[in-house]
Amino acid sequence: MKNLARNEKIRNIAIISHVDHGKTTLVDAMLKQSGLFRTGQEVNERIMDRMDLERERGITIAAKNCSVVWKGVKINIIDTPGHADFGGEVERALSMTDGALLLVDASEGPLPQTRFVLKKALDSGLTVVVVINKIDRSDARSDEVLDEIYDLFIDLDATENQLEFPLLYAIGRDGIIKKSLADEGENLYLLFDTILENIPAPSYDPEEPFQMLVSDLDYSDYLGRLAIGRISNGRVKFNDNLVCINENNEHVPLKISKLKVYNGLDLKEVEIAKAGDIVILSGIENVKIGDTICTKEESKALKRIKVDEPTVSMKFSANNSPFAGKEGKHIQSSKIYGRLIKETLRNVAVRVEETDNRENFLVKGRGEFQMAILIETMRREGFELCVGRPEVIYKYENGKQLEPIERLFIDCDENFLGIVTEKLSIRKGKLINFVNDGKGRTRIEFNIPSRALIGYRDEFLTDTRGTGIMNSIFAGYDKYRGDFKSRVTGSIVADRAGKGVAYALFNLEPRGQIFIVPGDPVYEGMVIGEHNRENDINANACKEKKLSNMRASGKDDNITLSPVKPLTLERAINFISSDEMVEVTPESIRIRKSVLSASQRYAKRGRVKGK
């Protein structure tokens, strides 16, 4: 057994939790109370949410690093995403740490993503500090939540040492940490001290040369690809000649142009970095997650980390609608492809494949929400494109078709239990757990195909009058469970180009829900509404009232249309069927048929026009 040394000047921790349990807010408070900002300096809320989409949606999308110094010790903090679609970022973040802060809401308790990230942390042997957050909520139930946390640890086969976790209580918004509920807390100093006392310092072998496992990648327009990871052994200088050992055990020579470490919220260029440091190396091309970067003289690979396989694919294509090029700057398929390739350099959970058609590309990822974020980012950058319906990626083993399965958790009013259970059963879901809290709310757990959830989220919110909470995590692959209808309504499709007219839309309202308002431009093949029945219908949205010099009672009443719910990107993606696409531009989101011409659609279905 080798004698390992520890770098006592460093602690590496990840902050993990379910969505909206207060990770980013707590990191804000840690940065402010560590002395990072000068007195009186104005600082935005949710400092770590640097992307516009993160600020708008109130979620963390990309794992981000920062550091604070407490009592002479540098604490590297990794703020990880809380949504299951970005779970790949969590796994890689944990590979750089020796411990984790697990945040749990004092009211909601452990939820699906809590289970997911905690299992990863326990399997990695990390020391976990549990923080029950938002104890000031009126519906807080801290003692019950603590029991649920212990149950979760036991359910995930935690060791006896892991079960003896340090426990703290927090009001993250106010920057307060307490040892017990009865204590009077004033700041986060207890949290910093707990980290120093309980999270082990990074260990290393003093006899080994420089080794670093690439745990994450980024991309800079100025520096190229960036390799991010923790130095496992040895030390590195910015001009060292190194090698990269890839998945084929090939030794590729490289020389790093810049060496940086995290310093507060920024990066700091350094001459040398030691074992335990989380560093950013630039000037390295063709490096992948799991590669080992080490010295040329003594090259030795570390154990690779795996990146989860994608479970969902979507077709991206250039916009070929009659409105193409009117609102966006980047419309060519080559520019769309280049942007998608750039995304794969930043986000290893995304993969891009070319198809037989040069205008179409297949993009694979971890979930439709991850895809929606990518599309929304691209449209804000000035791209115009069309995207198809998300489709799950099947596997085949021993001649059998396997499909991705989700573990679905539903929290809803017991009055809606019937409709929710019925619809999930139709979608091949299997009920595996049921809990009634006796206060009118129920928690149910399903094992259900991933494809069943595509397009269901909006329907679920409608069925539960907006009061239901739905979360899911990937649970692996299982046998294909058979076909079912994902959508029981058809589409109302415009049969000609023009602008929407109030008179025409008013007469279409009995047929279903309309997506456009008077004055909106339309074209043949554009979906302007949801039909009440299963079949599609073609309709004239531009029809005007016939004018005559005859007047009659009631004929000239003002037309009052029903309010139109704005068409968001997620709603459009969830709505479309297999023969439809979403047209995305910087200014508009439209739904359209893949084949715009009504006659061609009829011919494709084997029908003769007019019969």
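These numbers were taken from a predicted model, which means no experiment stands behind them.

### Looking at the overall build of the chain
Alright, step 1. Secondary structure summary: the chain contains 15 helices and 38 strands in total.
Alright, step 2. Put simply, the chain has 611 residues, and 53% of those count as buried.
Alright, step 3. Across the chain, the fraction of contacts at a sequence separation of at least 24, relative to all contacts at a separation of at least 6, is 70%.
Alright, step 4. Carbon and sulfur atoms form 46% of the exposed surface of the chain, whose accessible area is close to 29500 Å².

### Quick word on the environment of glutamate 353
Alright, step 1. You can see glutamate 353 is positioned in strand β22 (residues 351-354).
Alright, step 2. A relative accessible area of 35% means that glutamate 353 is categorised as partly exposed.
Alright, step 3. Between the C-alpha atoms of glutamate 353 and lysine 315, which are 38 residues apart in sequence, the distance is 9.7 Å.
Alright, step 4. Those residues in contact with glutamate 353 that sit more than four places away from it in its chain are Phe361, Leu362 and Lys364.
Alright, step 5. At 2.9 Å, the side chain of glutamate 353 and the side chain of lysine 364 are in polar contact.

### Considerations on the nonpolar core
Alright, step 1. One finds Val130, Ile132 and Phe153 to be the most contacted residues of the largest nonpolar core, which totals 39 residues.
Alright, step 2. Excluding anything up to four places from it in sequence, isoleucine 132 contacts Val104, Ala106, Ser142, Val145, Leu146, Ile149, Leu167, Leu168, Tyr169 and Ala170.
Alright, step 3. By size, the runner-up hydrophobic cluster in this structure holds 30 residues, among which are Val527, Ala572, Phe575 and Val584.

### Thoughts on the confidence of the model for the chain
Segments scoring low in pLDDT should not have their predicted coordinates read at a detailed level.
Alright, step 1. Averaged over all residues, the pLDDT of the chain is 82; the fraction at 70 or higher stands at 89%.
Alright, step 2. Note on residues 37-51: pLDDT is under 50 here. Beyond four places in sequence and across chains, it has 42 contacts.
Alright, step 3. Low pLDDT, under 50, characterises residues 53-63; the stretch is placed with 46 contacts to residues that sit more than four places away or in other chains.

### Structural notes on the packing of aromatic side chains
Alright, step 1. Tallied over the entire structure, the rule returns 9 aromatic pairs.
Alright, step 2. Counting every residue linked through ring pairs, the aromatic cluster contains Trp70, Tyr189 and Phe192.
Alright, step 3. Above the ring of tyrosine 477, the side-chain terminus of lysine 395 is found at 4.5 Å from the ring centroid.

### Re helix α9 (residues 368-380)
Alright, step 1. Its 13 residues give α9 an end-to-end C-alpha distance of 18 Å, which sits within 8% of 18 Å, the value for a rise of 1.5 Å per residue.
Alright, step 2. Here α9 lies mainly inside the structure; 12 of its 13 residues are buried.
Alright, step 3. Of the positions making up α9, those classed as buried are Glu368, Phe369, Gln370, Met371, Ala372, Ile373, Leu374, Ile375, Glu376, Thr377, Met378 and Arg379.
Alright, step 4. Two residues or fewer past α9, glycine 382 is found with a positive phi of approximately 100 degrees.

### As for the packing of helix α8 (residues 333-346) against α9
Alright, step 1. Between α8 and α9, the least distance of the axes is 12 Å, while the angle of their chain directions is 125 degrees. Considering the angle they form, α8 stands oblique to α9. At the point where α8 passes α9, the crossing takes the right-handed sense. Residues Ile336, Arg339, Leu340 and Glu343 of α8 form the contact with α9, whose own contacting residues are Leu374, Thr377 and Met378.
Alright, step 2. Grouping the constituent residues of the contact of α8 with α9 by class yields 4 nonpolar, 1 polar and 2 charged.

Analysis parameters
- Residues numbered from 1 in each chain as written.
- Predicted model: local features only at pLDDT ≥ 70, side-chain atom pairs only at ≥ 80, totals over all residues.
- Heavy atoms only, no water.
- Helix = DSSP H or I, 4+ residues; strand = E, 2+ residues; numbered from the N terminus.
- Buried < 20%, exposed > 50% of the residue type's maximum accessible area, 1.4 Å probe, protein only.
- Contact = heavy atoms within 4.5 Å.
- Areas by Shrake-Rupley, 256 points an atom, 1.4 Å probe, with all protein chains shown as cover.
- Polar contact = N/O pair within 3.5 Å; in protein donor to acceptor, adjacent residues only side chain to side chain.
- Core = buried A, V, L, I, M, F, W, Y, C linked by side-chain atoms within 4.5 Å.
- pLDDT = per-residue confidence, 0-100.
- Phe/Tyr/Trp six-rings, centres within 6.5 Å; stacked < 30°, edge-to-face > 60°.
- Lys NZ or Arg CZ within 6 Å of the ring centre and 35° of its normal.
- Expected span 1.5 Å × (residues − 1).
- Axes fitted to C-alpha atoms, helices over the stretch in contact; angles between N-to-C directions.
- Parallel < 35°, antiparallel > 145°, perpendicular 65-115°, else oblique.
- Left-handed = near helix turned anticlockwise from the far one by under 90°.
- Nonpolar A, V, L, I, M, F, W, Y, C, P; charged D, E, K, R; others polar.

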